[in-house]
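Below are the chains, spelled out letter by letter.
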Amino acid sequence: MRLWSLSFVVCFLSLSLACSEAQEHTAPAVNPQDSASMMTTYGVNTLISDSGVIKYRIVTERWDVNTVREPSRWEFMKGVFFEQFDEQFHVEAYIQADTAWYFDRQRLWKLRGRVSVRNMKGLLFTSEELFWDGIRHEFYSHVFSKLVTPERTMEGTYFKSDEHMEHYVVSNSKGSFVASDIDGEDSTGSAQDDAQDSTDTYVRPAPEKHSNLRSNE
């Protein structure tokens, strides 16, 4: 009986020591930048409104919404295509990019990859990066961009435009311009001036109804 009791005590002490030496294994903390999306949607074709007015249509293969990362964002890692509408719901422009992020609190789009904007007046903008500010209602880019219209072709390392691509500013640009766009004089036809490596060149289109661009370069 004593031998059995002694064996029981030894086993109990061994188990107690084994439990006391056990270590808790924990995984590394998950950082906000490593967080998973709160929502993932595939095959998206939806209309987006602003203040009750439909502004554009989004078409994308995958749409991720992440509210944990700072700043919170929508992610379009499989590319995105927009149809931009005017107040009468007429298509005003087409916008597409290989990758895009929308920072909802700042109302700011960041478009990357093969970015292009084409409007119904024949303008075509291409670049590797373009920002779309929904508060100031303007586009801007700090990388090489190319702008082609029926009247001219421009290339530059800085671009800024109103949301309708009707008034725009190009810095460090080169391209072909109508003479009246450079010196303010009337053009007599096909006369053109070649401007290269200019600074803060303002390209003045024909007068339009939209004239509220803040150009304070």
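Residues numbered from 1 in each chain as written. Predicted model: local features only at pLDDT ≥ 70, side-chain atom pairs only at ≥ 80, totals over all residues. Heavy atoms only, no water.

Draft legend 1. Quick look at the overall build of the protein. The number of helices and strands found in the protein is two helices and 16 strands. Burial analysis of the protein (217 residues in total) assigns 39% to the buried set. Residue pairs in contact within the protein that sit at least 24 positions apart in sequence constitute 37% of those at least 6 positions apart. With an accessible surface of roughly 13600 Å², the protein has 52% of that area assigned to carbon and sulfur atoms. (Helix = DSSP H or I, 4+ residues; strand = E, 2+ residues; numbered from the N terminus. Buried < 20%, exposed > 50% of the residue type's maximum accessible area, 1.4 Å probe, protein only. Contact = heavy atoms within 4.5 Å. Areas by Shrake-Rupley, 256 points an atom, 1.4 Å probe, with all protein chains shown as cover.)

Draft legend 2. A look at the nonpolar core. Within the largest apolar cluster, 29 residues are counted, with the highest numbers of intra-cluster contacts made by Phe 82, Trp 109, Leu 111 and Phe 159. The contacts of Phe 82, once residues within four sequence positions are left out, are Tyr 56, Arg 57, Ile 58, Ala 93, Tyr 94, Ile 95, Trp 109, Leu 111 and Trp 132. (Core = buried A, V, L, I, M, F, W, Y, C linked by side-chain atoms within 4.5 Å.)

Draft legend 3. Highlighting the packing of aromatic side chains. Under the criterion given, the structure shown has 17 aromatic pairs. Ring centres 4.7 Å apart and planes at 50° place the aromatic pair Trp 74 and Tyr 102 in the tilted group. With a gap of 28 residues between them, Trp 74 in strand E3 (residues 73-76) and Tyr 102 in strand E6 (residues 99-103) connect regions that are remote in the sequence. Considered together, Trp 74 and Tyr 102 belong to a single accessibility category, that of buried residues. Put simply, the rings of Tyr 56, Trp 63, Trp 74, Phe 76, Phe 82, Tyr 102, Trp 109, Trp 132 and Phe 139 pair up and form one aromatic cluster. Above the ring of Trp 101, the side-chain terminus of Lys 110 is found at 5.6 Å from the ring centroid. (Phe/Tyr/Trp six-rings, centres within 6.5 Å; stacked < 30°, edge-to-face > 60°. Lys NZ or Arg CZ within 6 Å of the ring centre and 35° of its normal.)

Draft legend 4. Region of interest: the pattern of salt bridges. Counted according to the given criterion, the structure contains eight salt bridges. Between Glu 70 and Arg 105 there is a salt bridge whose closest N-O contact spans 3.1 Å. In this pair, Glu 70 sits in the loop between strand E2 (53-66) and E3 while Arg 105 sits in the loop between E6 and strand E7 (108-119), placing the two residues 35 residues apart along the sequence. Notably, a salt bridge pairs Glu 129 with Arg 112, separated by 3.4 Å at the nearest N-O pair. Note that Glu 129 is positioned in strand E8 (residues 124-133) and Arg 112 in strand E7, a separation of 17 residues in sequence. Judged by relative accessible area, Arg 112 falls into the partly exposed class, the value being 35%. (Salt bridge = Lys/Arg side-chain N within 4 Å of Asp/Glu carboxyl O.)

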